[in-house]
Amino acid sequence: MMKILTLNTHSWMEEHPQEKLEQLVDTLAEKACDLIFLQEINQLISSEPAEVTPGYVAVSDSPAIHVDNYALLLVTALRERGLDYYWSWAYNHIGYDKYQEGVAILSLTPLHPRLLRVSDSTDETDYRTRCVLLAQTHLSGHPYLVASVHLSWWEKGFAREWLRLERALEEAQLPVIVAGDFNNPVAGPGYQLMTSGPLELADSHKQARVVSGEHTIQAAIDGWEGNRQQLKVDHILLSQGIPVSLSQVVFDGGNTPQVSDHFGVFAVLDV
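Residues numbered from 1 in each chain as written. Predicted model: local features only at pLDDT ≥ 70, side-chain atom pairs only at ≥ 80, totals over all residues. Heavy atoms only, no water.

Of the voids in this model, the largest pocket is the one considered here, and its volume is about 390 Å³. Looking at the largest pocket, it is lined by 20 residues, and the ones nearest its centre are His93, Tyr96, Tyr127, Arg130 and Trp153. At three residues, strand 3 (residues 86-95) tops the list of elements feeding residues into the lining of the largest pocket. Classifying every residue of the lining of the largest pocket gives four nonpolar, eight polar and eight charged. What the second largest pocket holds in volume is close to 200 Å³. Lining the second largest pocket, in full, are Asp26, Thr27, Glu30, Lys31, Ser212, Gly213, Gln248, Val249, Val250, Asp252, Asn255 and Thr256. When residues of the lining of the second largest pocket are traced back to their parent elements, those giving at least two are helix 1 (17-31) and strand 14 (244-250). Of all the elements, helix 1 adds the most residues to the lining of the second largest pocket, at four residues. Here the residues of the lining of the second largest pocket are counted per class, giving two nonpolar, six polar and four charged. (1 Å grid on protein atoms, 1.4 Å probe; cavity = no way out; pocket = protein on both sides within 12 Å on 5 of 7 lines; lining within 4 Å. Points joined across faces, edges and corners; volume = space filled by probe spheres on them. Helix = DSSP H or I, 4+ residues; strand = E, 2+ residues; numbered from the N terminus. Nonpolar A, V, L, I, M, F, W, Y, C, P; charged D, E, K, R; others polar.)

Structure, rendered in structure tokens:
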């Protein structure tokens, strides 16, 4: 059995962020996931570099980890609960004019990560600059390629980003798990592109024997201004043949607290 979770944390942009960080730690400690995929993992540009970064595996082209890096604080708190994660962080762009924003992966097994730039833009001051964090790891004794993504909206370059990522995943010739905030809802053209391509990726939320929850954003949030619908834009996509016993929306204010403007997705794989 393998437990995985993805969440766009919205980190320091949330109201009462320290309280929500503590709630997130409590839930992650309880679930003890094998893999955690996180987006909008931010640190202030102006904050100090961290002297101690337990479990961190750096990738090229990312800044130094700062003392307020959201993933660093999560990992440090989880270590105090007896969960020692390996982790990595890939810098995407400057957010809200003051943060270095990126994506992260936490894993209970060692990671061999690399950064893959998928956007046309390479300018850190441009929110359209997007990088994927890829990592090879072993899960249940077998090699996997995993990816944490925070991709663009369909009308802002998603297709080009996805096809670049898809080529990298194909070249690895390994089973893959791709999770994160895709900014493309179920049934939309971006979702169809992801699930109908040569990788034939399956959505955990459609493959699972037991499914709970239907959407991960409600109405208008950052990046979805003017939206009036409940949409599922956060996904866990898997290679065909990986059995899924459970997929549920979490951090929705129900059995788990709402800690972000996005809900998360939790899945249990029978591997």
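Let's shift gears to the pairing of strand 2 (residues 35-44). For strand 2, a buried count of nine out of ten residues is recorded, marking the element as mostly surrounded by other parts of the structure. Across five bridges, strand 1 (residues 2-8) lies against strand 2 in parallel orientation. When the bridges of strand 2 are listed, Leu5 appears paired with Ile36. Note on the crossover from strand 1 through helix 1 to strand 2: the handedness is right-handed. Bridge analysis of strand 2 against strand 4 (residues 99-107) gives eight bridges, and the strand direction is antiparallel. The partner of Asn42 across the bridge, within strand 4, is Glu101. (Buried < 20%, exposed > 50% of the residue type's maximum accessible area, 1.4 Å probe, protein only. Pairing = 2+ DSSP bridges. Right-handed = clockwise from strand over helix to strand, strands pointing away.)

We now examine the packing of helix 3 (residues 158-172) against helix 4 (residues 189-196). Contact pair helix 3 / helix 4: the axes reach a minimum separation of 10 Å and the direction vectors enclose 15 degrees. Put simply, helix 3 runs roughly parallel to helix 4. You can see that helix 3 and helix 4 cross each other, and the crossing is right-handed. Listed contacts from helix 4 to Phe158, Ala159, Trp162, Leu163 and Glu166 of helix 3 are Gly190, Leu193 and Met194. Residue composition of the contact of helix 3 with helix 4, by class: six nonpolar, one polar and one charged. (Axes fitted to C-alpha atoms, helices over the stretch in contact; angles between N-to-C directions. Parallel < 35°, antiparallel > 145°, perpendicular 65-115°, else oblique. Left-handed = near helix turned anticlockwise from the far one by under 90°. Contact = heavy atoms within 4.5 Å.)

It is worth spelling out the packing of helix 1 against helix 2 (residues 70-79) at this point. For the pair helix 1 and helix 2, interaxial distance at closest approach is 10 Å and the crossing angle is 50 degrees. Considering the angle they form, helix 1 stands oblique to helix 2. As for how helix 1 packs across helix 2, the hand of that crossing is right-handed. Of the residues in helix 2, those touching helix 1 at Lys20, Leu21, Leu24, Val25, Leu28 and Ala29 are Tyr70, Leu73, Leu74, Ala77 and Leu78. Taken together, the residues of the contact of helix 1 with helix 2 sort by class into ten nonpolar, no polar and one charged.

This next bit is on the side chain of Ser152. With respect to the secondary-structure elements, Ser152 resides in the loop between strand 7 (142-150) and helix 3. Taking the relative accessible area as the measure of exposure, Ser152 reaches 1% and is therefore buried. Only 2.6 Å separates the side chain of Ser152 from the side chain of Glu161, close enough to count as a polar contact. Once you skip the residues sitting within four places of it in the chain, Ser152 turns out to touch Arg128, Arg130, Phe158, Glu161, Phe182, Asn183 and Asn184. (Polar contact = N/O pair within 3.5 Å; in protein donor to acceptor, adjacent residues only side chain to side chain.)

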